[in-house]
Amino acid sequence: MKKIICLIFAIIFSLGLFVGCKDSNNSALPENSLTESGSAEEWIDQDLSQLAVLTFKYVEEDGSGHLAESSATPRYTFVYEFKIGHVITKEEYDKIYKEVTARIPNDSGGYYTFEGFYSTLQVSLPASRNDFYIGFKVTKSQAFYFTWIGGEAQPPTGTFTLTVIDNSNRLTDLPSNGKIVFCPGQTIVLHSTIIMDADLGFYLENGLLYSGITRVLPPIETESGLDEWEYELDMWFYEDVTLIFKPIRQYHSSELFDWQTTLEECEISSVKVESGYYGVAPGSFNSVKVSKGANDIQAVIDYLQLLFMQDAPLTETSVYGGGGSTLTIYTNQGEFSLTQSNGFIYTGGKYYEVSQRIPQLTEYEECYGFVTYKNVSTLYIAGEKVKEYSNILGEIVFIGVESSNVPIVDFGYNFILENGFEIKLLSPKHFLFGNKCYYVVGEVDFTQIFEEYASK
């Protein structure tokens, strides 16, 4: 569990959430916060039991005078960290108040009278209480809520200068002097040439990753006719600022699987992507998409050719739950497959973090598969255990059908397959699960079972 907690905080740190504020000028807070904690490695070594997270969320009046989260809440959420027992100083309170009140609270524009901070949504507006204040003692992680009501006020005025340092020379529309004049609240758009062996980001001079950046996906075609990455920089600064454009992480090219060379000599007939979640109940459905489309086959070939990777530390892979996808490639020389789980690929006894995810198919037939956790499926006939098979329930692929179209073979007793859940066999290609009928579409079905026992 400790590894999981470390991983979650390390990911959040890398995304820039714990640099003082999610959407603001990330200048350092005093030493009792974690904004001066140094590198990610140093941060992970902190005693997590002594840390508390304070989250400030924008909410709206729900029409009845009460507060509720809205679609705008994720955009106006601010996160800070302090040591448990720390007392909020005037400098810290003023900084948080300035950053929280800087944002326009809704898409229609305008600034309104600030209301908050409240430790609960059970507040009737207008309300005079304020649960976060100078002298507030941090005792636990908790959320505070704020909103705007009343009349409009004038937005801040003035211009400042953004200086961008790009030693890689990948930003294609950055002015030659690297300087751009902006107003607080303005969004600056920049483009860079596509690079597949690294993730790039904008860093503040103090070495922290600036989180007010969005990379538009997929790559766009610019006026020059070239595909490029597009970055949107939300400039919520009230002073001149310098950002450094450089890699967040880098990858190296390598053939992870011994069949990649063989695949180059094969003729691909179809591809399959099976996606699902871990930790769910046995008998849950995975999504199975099968395609013979030329565009999907080419997308898979491109994915393998551009699959850059880096070794993944064990602490980053020790995650329970999440999701993954298995890609299977069917060729004239057999089938090949790989599984990507929570952004990692496991092969040859090692985990690798990869540069991109398995492509989404566009010309597919959608089917389903079962989530199973046992290596065998057990056959019961008339309530008695008869035989164990290799995990047939984890291998079948099926679609739903109307029960009126099912050719039921009635032997006067039930054929039941069990693997943490049960299905009733109706024919070599049909089964009942719950109160619905399904048809097996893949090569793996129940023919062997019926040949062995149906005539007995």
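The subject of this paragraph is the overall build of the chain. Secondary structure assignment for the chain yields seven helices and 29 strands. When burial is assessed residue by residue, the chain has 45% of its 456 residues classed as buried. Residue pairs at least 24 apart in sequence account for 69% of intrachain contacts in the chain once pairs closer than 6 positions are excluded. Split by element, the accessible area of the chain, about 23,600 Å² in all, is 49% carbon and sulfur.

Time to look at the nonpolar core. Ile329 and Leu338 are the most contacted members of the largest nonpolar core, which has 23 residues in total. Elements with a contribution of two residues or more to this core: β15 (268-277), α5 (294-305), β18 (323-331), β19 (334-341) and β21 (350-354). Tallying contributions element by element places α5 first for this core, with four residues. In this view, Leu338 contacts Phe257, Trp259, Tyr303, Leu304, Ser325, Thr326, Leu327, Ile345 and Ile358; residues no more than four positions away in its chain are not counted.

The space that makes up the second largest pocket amounts to roughly 970 Å³. Lys272, Glu274, Thr328, Glu395 and Val397 are the residues nearest the centre of the second largest pocket, which is lined by 35 residues in total. Secondary structure elements with two or more residues in the lining of the second largest pocket: β15, β16 (285-291), β18, β19 and β22 (364-370).

This part takes up helix α3 (residues 90-100). Those residues of α3 that sit buried are Glu92, Tyr93, Lys95, Ile96, Glu99 and Val100. Projected down its long axis, α3 carries its buried residues within an arc of 165°, all on one side. Seen from the buried face of α3, the exposed residues on the opposite side, beyond 90 degrees, are Lys90 and Glu91.

To continue, consider the pairing of strand β26 (residues 415-418). Here β26 shows no split at all, with Phe415 and Leu417 on one side and Ile416 and Glu418 on the other all buried. Summarising the sheet, β26 and strand β27 (residues 422-427) pair through three bridges and their orientation is antiparallel. Within β27, the residue paired with Leu417 across the bridge is Ile423. Taken together, β26 and the strand that follows it, β27, pair antiparallel across an intervening segment of three residues, in which Gly420 is found at a positive phi of about 85°.

Topologically, Asp131 is positioned in the loop between β5 (111-118) and β6 (142-153). Taking the relative accessible area as the measure of exposure, Asp131 reaches 17% and is therefore buried. Only 2.8 Å separates the side chain of Asp131 from the backbone nitrogen of Ser119, close enough to count as a polar contact. For Asp131, the residues in contact, after removing those within four places along its chain, are Phe117, Tyr118, Ser119, Phe136 and Phe144.

Moving on: the pattern of salt bridges. Where charged atoms from two side chains of opposite charge come close, those side chains can pair. What the rule picks out here adds up to six salt bridges. Residue Glu69 pairs with Lys57 through a salt bridge whose shortest N-O separation is 3.5 Å. Of this pair, Glu69 sits in the loop between β3 (67-68) and β4 (77-83) while Lys57 sits in strand β1 (residues 51-58), and the two are 12 residues apart along the sequence. Given the relative accessible area of 42%, Glu69 is considered partly exposed.

This paragraph deals with the packing of aromatic side chains. Enumeration over the complete set of coordinates arrives at 34 aromatic pairs. Taking the centre distance of 6.2 Å and the plane angle of 85° together, the rings of Tyr93 and Phe117 count as edge-to-face. In this pair, Tyr93 sits in helix α3 while Phe117 sits in strand β5, placing the two residues 24 residues apart along the sequence. Phe117 matches Tyr93 in its accessibility class, with the two residues each being buried. The interplanar angle of 75° and the centroid separation of 5.8 Å between the aromatic rings of Phe421 and Phe433 together place this pair among those described as edge-to-face. Pair noted here: Phe421 is in the loop between β26 and β27 and Phe433 is in strand β28 (residues 430-433), with a separation of 12 residues, a long-range link.

This next bit is on α5. In a regular helix each residue adds 1.5 Å, so 12 residues correspond to 16 Å; α5 covers 17 Å between its end C-alpha atoms and thus fits that length. Along α5, the residues that are buried comprise Asp296, Ile297, Val300, Tyr303 and Leu304. For α5, the angular spread of the buried residues around the axis is 120°, confining them to a single face. Structural note: α5 exposes Ala294, Asn295 and Gln305 on the side pointing more than 90 degrees away from its buried face.

When pLDDT is averaged across the chain, the result is 76; 73% of the residues are at 70 or more. A low-confidence stretch, residues 1-46 stays under pLDDT 50, and its non-local contacts, those more than four residues away or across chains, total 106 contacts. Ignoring residues within four places in sequence, the model shows residues 104-111, a span with pLDDT below 50, making 24 contacts including any to other chains.

As judged from the nine bridges shared by β15 and β18, these two strands associate in the antiparallel manner. Considered in β18, the bridge of Val271 is made with Ile329. Where β15 and β16 come together, five bridges link them in antiparallel fashion. Considered in β16, the bridge of Val271 is made with Ser291.

The next point concerns the environment of Lys246. Tracing the sequence through the fold places Lys246 in strand β13 (residues 241-250). Separated by 43 residues in sequence, Lys246 and Tyr203 place their C-alpha atoms 7.5 Å apart.

By the element assignment, Asn414 lies in the loop between β25 (398-401) and β26. Accessibility expressed as a relative area gives 37% for Asn414, which makes it partly exposed. The sequence separation of Asn414 and Leu426 amounts to 12 residues, and the corresponding C-alpha distance is 8.7 Å. Beyond its immediate sequence surroundings of up to four residues, Asn414 is in contact with Tyr380, Ile381, Ala382 and Lys424. A polar contact of 3.3 Å, which involves the side chain of Asn414, links it to the side chain of Lys424.

Cut-off values and rules
Residues numbered from 1 in each chain as written. Predicted model: local features only at pLDDT ≥ 70, side-chain atom pairs only at ≥ 80, totals over all residues. Heavy atoms only, no water. Helix = DSSP H or I, 4+ residues; strand = E, 2+ residues; numbered from the N terminus. Buried < 20%, exposed > 50% of the residue type's maximum accessible area, 1.4 Å probe, protein only. Contact = heavy atoms within 4.5 Å. Areas by Shrake-Rupley, 256 points an atom, 1.4 Å probe, with all protein chains shown as cover. Core = buried A, V, L, I, M, F, W, Y, C linked by side-chain atoms within 4.5 Å. 1 Å grid on protein atoms, 1.4 Å probe; cavity = no way out; pocket = protein on both sides within 12 Å on 5 of 7 lines; lining within 4 Å. Points joined across faces, edges and corners; volume = space filled by probe spheres on them. Arc of directions from axis to C-beta. Pairing = 2+ DSSP bridges. Polar contact = N/O pair within 3.5 Å; in protein donor to acceptor, adjacent residues only side chain to side chain. Salt bridge = Lys/Arg side-chain N within 4 Å of Asp/Glu carboxyl O. Phe/Tyr/Trp six-rings, centres within 6.5 Å; stacked < 30°, edge-to-face > 60°. Expected span 1.5 Å × (residues − 1). pLDDT = per-residue confidence, 0-100.

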